[in-house]
Every structure is written in structure tokens, then in C-alpha cells.
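# Results of the structural survey
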Amino acid sequence: MMRGRSDGAQKKRLWTSIGIGAVLVVFLYVYFGSKSSGESALEYGSRSLRKLGSSYLGGDDNSDLSSRQDEKFGLEDGNNGIVPKSFPVCDDRHSELIPCLDRHLIYQMRLKLDLSLMEHYERHCPLQERRFNCLIPPPPGYKVPIKWPRSRDEVWKLNIPHTHLANEKSDQNWMIVKGEKIIFPGGGTHFHYGADKYIASIANMLNFSNNNLNNEGKIRTVFDVGCGVASFGGYLLSSDIIAMSLAPNDVHQNQIQFALERGIPAYLGVLGTKRLPYPSRSFEFSHCSRCRIDWLQRDGILLLELDRILRPGGYFAYSSPEAYAQDEEDLRIWREMSALVERMCWRIAAKRNQTVIWQKPLNNDCYMERPPRTQPPLCRSDDDPDAVWGVNMEACITPYSEHDHKVAGSGLAPWPARLNSPPPRLADFGYSNEMFEKDTETWRERVDHYWSLLRPKISSDTLRNIMDMKANLGSFAAALKDKNVWVMNVVPKDGPNTLKIVYDRGLIGTTHDWCEAFSTYPRTYDLLHAWTVFSNIEKKGCSAEDLLLEIDRILRPTGFVIIRDKQHVIEFVKKQLSALHWDAVGSSDSTSDPEQDDDDEAVLVVQKKLWLTSGSIIDTE
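Residues numbered from 1 in each chain as written. Predicted model: local features only at pLDDT ≥ 70, side-chain atom pairs only at ≥ 80, totals over all residues. Heavy atoms only, no water.

- By the naming in an unreviewed UniProt entry, the protein goes by Methyltransferase and is assigned to Datura stramonium.
- Its UniProt record, at the heading Sequence similarities (unreviewed entry), says of the protein: "Belongs to the methyltransferase superfamily." (UniProt positions renumbered as here; feature names shortened; annotations may be inferred.)

Here it is as C-alpha cells:
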């Protein structure tokens, strides 16, 4: 049957009505869906994962973020300042998110990286439009971590639910799955029978007294590249040696996460194309045990980077088939590597079985005696060996300054005397010994004050992994020497490069830009100390809310944050506590803290709550 014109008009009206209805349904869904997604930070799953154009915890658009920054954290109106909504929780697949080391992001951004140079393991931070506006959830079944020193040998399996290394390295005693725990027997690829015996054998090779690698306090800071689960660094601690254990998030994923869960100092990084984030002459000893690094590539550039961070007379212990195997390829590598280090003026200090130990020269004499045009060359005179943030490595030898050449060594006191002895490199900043001693005493009194605020909430084993987000001379960490903790001392990349003073004191740390995420897994620190860090990033135009979420990401549940900053910053943070699920523990201002240098400076201590999601169960030991 033929349809007339009236039928066509009815059909047109019908489709129009359907279209209007669909638009209305979509509008209601978007409006109420977006409204409800921010109602509670305890919502869990992909629905509560939101990407915003401005920042992790930024506003709904860039103009909102800019207006809040212009208003100094949104507090110009006093008590009527902005009170933030709750922040949603990221999807559970982001429970181990490391924003600047996220390989998924690299693939999505189609970055053209040279895989042979390990560029894909270097830092590549997300653009603002790719940052997440959500809190990182714990994995299902997460428990409060086991306390140090037990944690050196065992952790909760559900806190890091990755057991593939136990199977892959089952013949090397890296780790063993045992019921609800993962056990660490102390083994490694080249020390199956325990790191303690291996460390003693290295000390014996060097004829150190009592087979103790600390050599009567002369060796304090160690760099362990390709560290695995950091058992080497973990067993050095009993000898009063602190190691910076380094490994990338590569095929052996979660190595550094295991190390930090154990309470062992560690950092995510790689020998790739950029300098390591440590100043020159930071370590007395470096170590590589089957670290799978091609030391001969690019004219030995990676070995020269090790040379840069080693102190005068520093050692490099290399345990690898090239040091002992007799097949043709290993012999070729050994010959070429031996020739390279000889041109670098390293000498063999000891060689036994599967390990060779080289030693760096004490002064410039050998460099000056090399024939003209010997490779690798000396670095240019205008090269700053302490400039590290985003600086490309160069295949050159870093010579000593005229002063260091004359003294033929670092001039440092043995540990522990060096902790509070003014180091020679103070002069690089124009600081006097009196200024150093005053800074040390000031922070000792400040730390005593902090502990008076924390005391109702902590016991002797509550804290283990601590970060000082703006370390300056390292006096905060020095004041903690007698507590059973270690401190990651962070020096901002655009401030005075005082990290070399930190290392000269026998402490460890790294350079960082707090406008970006830190190179660590979520839930890896028990306490963070932020001295004027918020004020500093405010001056740079970065988001204070970004920084709050980053702090929450790397802070363990039940962990603490000590914020020492301007009063308006403290008030801003207080307004965020509910949204972040933090509790205020204590506070003080200039009238209650005699060590305040600024009348407008105040202290706020907060604690991160144990918050639940539908996929997580929180428990204690």
C-alpha cells in the first residue's frame, strides 16, 4: 500500500521526538553522573577515574586552575576560601601508577625513543591533559607493612602481588613465596648463598680489617646499579653503609617496589642517555652484579658516568662472566673493557673468581700523563659535573678540581664523624663552618619539636622510609641518625645544588622537580617532610593540588606528612584534609616553636588514613 504525505510527516515528527528524548537522557546522565562521580573519594573502579585538563587535583578547566593559583591557593577570602570536593579514586589497574615512568603513556603518546639506549625506561612525564584527578588505591588485601628490621626478610604478598620473580629467580634465592608472605633469603644472581657472605668476600679481597666493607668508616655511600630486590644494599646497612640501589621498571618489574617495601633505600632509574640524578664524587663504592649493562657501548659512556659519581680513590666491584669466563665472547669483552678502564686511569685493586674490583685514581696525575688524543677525552673545562637534571651524559672523563687534585682525595672524615663535620665542598656555596654548624643545631631542635608532635601517634618502629622533600644541607636527616630510619634527601633542581653536601655528610638523596611526579612506586614512604616546598612551587606557577596528590601517592597508609611553610599554605592544606582522607595530628606556629626563623612560618603534621574501597581490605599485623 502506498503511504501518503501525512504518513511521512508523522514519521518525521516521531524521529524528532526520539532525538529530543535521547538528547535529554544523555544530558541527565552526564549531569548527574559527573556530579555523583565526585561525591565520595571512596568510590572505586573505572567509573571514578577522571582525566582533567589541568592537573591531578586541578580544577575542571585550565582557567579554574589559574584563578586558584593567582589567589594563592584559593585563600584570599580568608575563611571563605574554596573547600574542595572529594577526589575520586583511580581505577584499580592504576594502583601501581608511576606517572613519569608509565610505559602505557609512552605508547599512547607515540614517543620516538631509542630502545637500545634504554630511553623508554627514562622519565617521560604526562602532559597536563593526560594527568589523573584521582587518588591511587591500595591493592586488594593491602596490609600495614611489616616493621623493620623484620621487613628486610619478609613482606606481605598482597601488598605487592607479583610473584613471577620468585619463579624466574628460584635458583638464585632472590625471593620465596611462603603462605601470605614473600621471604627474602638474601640471595642474588652472583651470591646465591647470601649477600652477607658476598659482601665479606669483597672486603676480604680488598684486605679491609675484619672483612668489613666500611673500612673503618672510610666507605659509607655505595651505588648499586641493577640492584634486583636490593638485598646487597639491605645487608650493607648492618655495617653502617648506606647504598643507593637503582634499577629500572623493566622486565623484572617491581624490584624497587620490593626493596622499598622491605625498608631498603632504593630509587627507580636507569643508565640510559641522561646523567644519573646525583652530583659528582658522591659514592665511595659502586657495584654491579650481573646487571646486564653493556659497558662498552657508545665509547664507554655508561662507565664514564659511573666514574663521574665516584669519589677519588673510589671502587667499582664488577661480578660478571666477563670477569672470569673463558669463552671467546666473554674474553673479547674483558679485553676491551680492561683497555677502556686503563685509559680511564682505573687500576685493578683485586680480582678473584667471578669478581674484579677497579679503583679510580686519587688525583689528576694519570690523566695528565696520557698520550695526546687518548680516548676517552677529559671533559670540557666549562662542563659542570654536578648539573644532572635532564642533562645528557657525555663520553668524557671528569677531572678533579685544583683543590681536590692537591689534597689527593675527598678530604672527608670517616663515618660517623663526617655527619656533623663541615665538608670541604661547603666553600662551593660560600658557606662557612659556623653556618653549617648553626644549620645542624637548628634542625636538631626542630626535629625534637616534630617528634613531640608525633609522639602520641608513633612508637620506635612506626617509621622506616623517610623523605626530606627539600633537604638543603641534609641537617634534617642528620638529626635522625639515632633513629632506626633512613632518609631520601631531595634537593630541588632549580635551587642551590647542595646535594653534594648531603653526600659528603654520608647521607643519600636525589635531585627532583616537584612540579613533576617522583620516581617511585605508590605507598613507599612512611613520612615526608615538606619545608617551604609548597611556597617554592607556587612561585613557579605549579599546582599545589598536584603536589598534594603526589604526596598522597607515595605515602603509605597510616604514614605522616610534616608541612613547614607559610601560614596561608598551612590553611590551604587544612582545607584539603577531608578530601584527601588525612587527619591533622598536630600543629604549631612561631609562638609555640622557638626555632621558627619566619614569623609567618608554621608547622602542620597530618596522617594518611586507612581508607577502604570495594576491592580492598585493610588489616594490621
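### Some words on the sheet that holds strand E10 (residues 355–359)
- Spatially, seven strands are ordered E6-E5-E4-E7-E8-E10-E9 in an open sheet, and the strand pairing comes out mixed. This sheet does not close on itself; its edge strands, each paired only once, are strand E6 (266–268) and strand E9 (347–352). Mean inter-strand twist for the sheet, computed between neighbouring axes without regard to direction, equals 20°.
- Contacts between helix H8 (residues 297–309) and the sheet are confined to strand E4 (221–225), strand E7 (283–289) and strand E8 (310–319), with E8 contributing the most and set at about 135° to the helix. (Pairing = 2+ DSSP bridges. Helix = DSSP H or I, 4+ residues; strand = E, 2+ residues; numbered from the N terminus. Axes fitted to C-alpha atoms, helices over the stretch in contact; angles between N-to-C directions. Contact = heavy atoms within 4.5 Å.)

### So, the state of the cysteines
- Tallied over the entire structure, the rule returns six disulfides.
- Each disulfide pairs two cysteine sulfurs, and for Cys100 the partner residue is Cys125, the sulfurs being separated by 2.0 Å. As the torsion about the S-S bond is roughly 110°, the Cys100-Cys125 disulfide counts as right-handed. Here Cys125 lies in the loop between helix H3 (103–109) and strand E1 (154–156) and Cys100 lies in the loop between helix H2 (62–70) and H3, a separation of 25 residues in the sequence.
- Disulfide partner of Cys379: Cys396, at an S-S distance of 2.0 Å. On the S-S bond that ties Cys379 to Cys396, the torsion sits near 90°, and the link is right-handed. Of this pair, Cys379 sits in the loop between helix H10 (365–369) and helix H11 (402–407) while Cys396 sits in the loop between H10 and H11; the two residues are 17 residues apart in sequence, bridging distant segments of the chain.
- When its relative accessible area of 11% is taken as the criterion, Cys379 is described as buried.
- Its relative accessible area of 7% is what places Cys396 among the buried residues.
- Indicated for the protein is the disulfide connectivity 1-4, 2-3, 5-6, 7-8, 9-10, 11-12, based on numbering the bonded cysteines in sequence order. (Disulfide = S-S within 2.5 Å. Buried < 20%, exposed > 50% of the residue type's maximum accessible area, 1.4 Å probe, protein only.)

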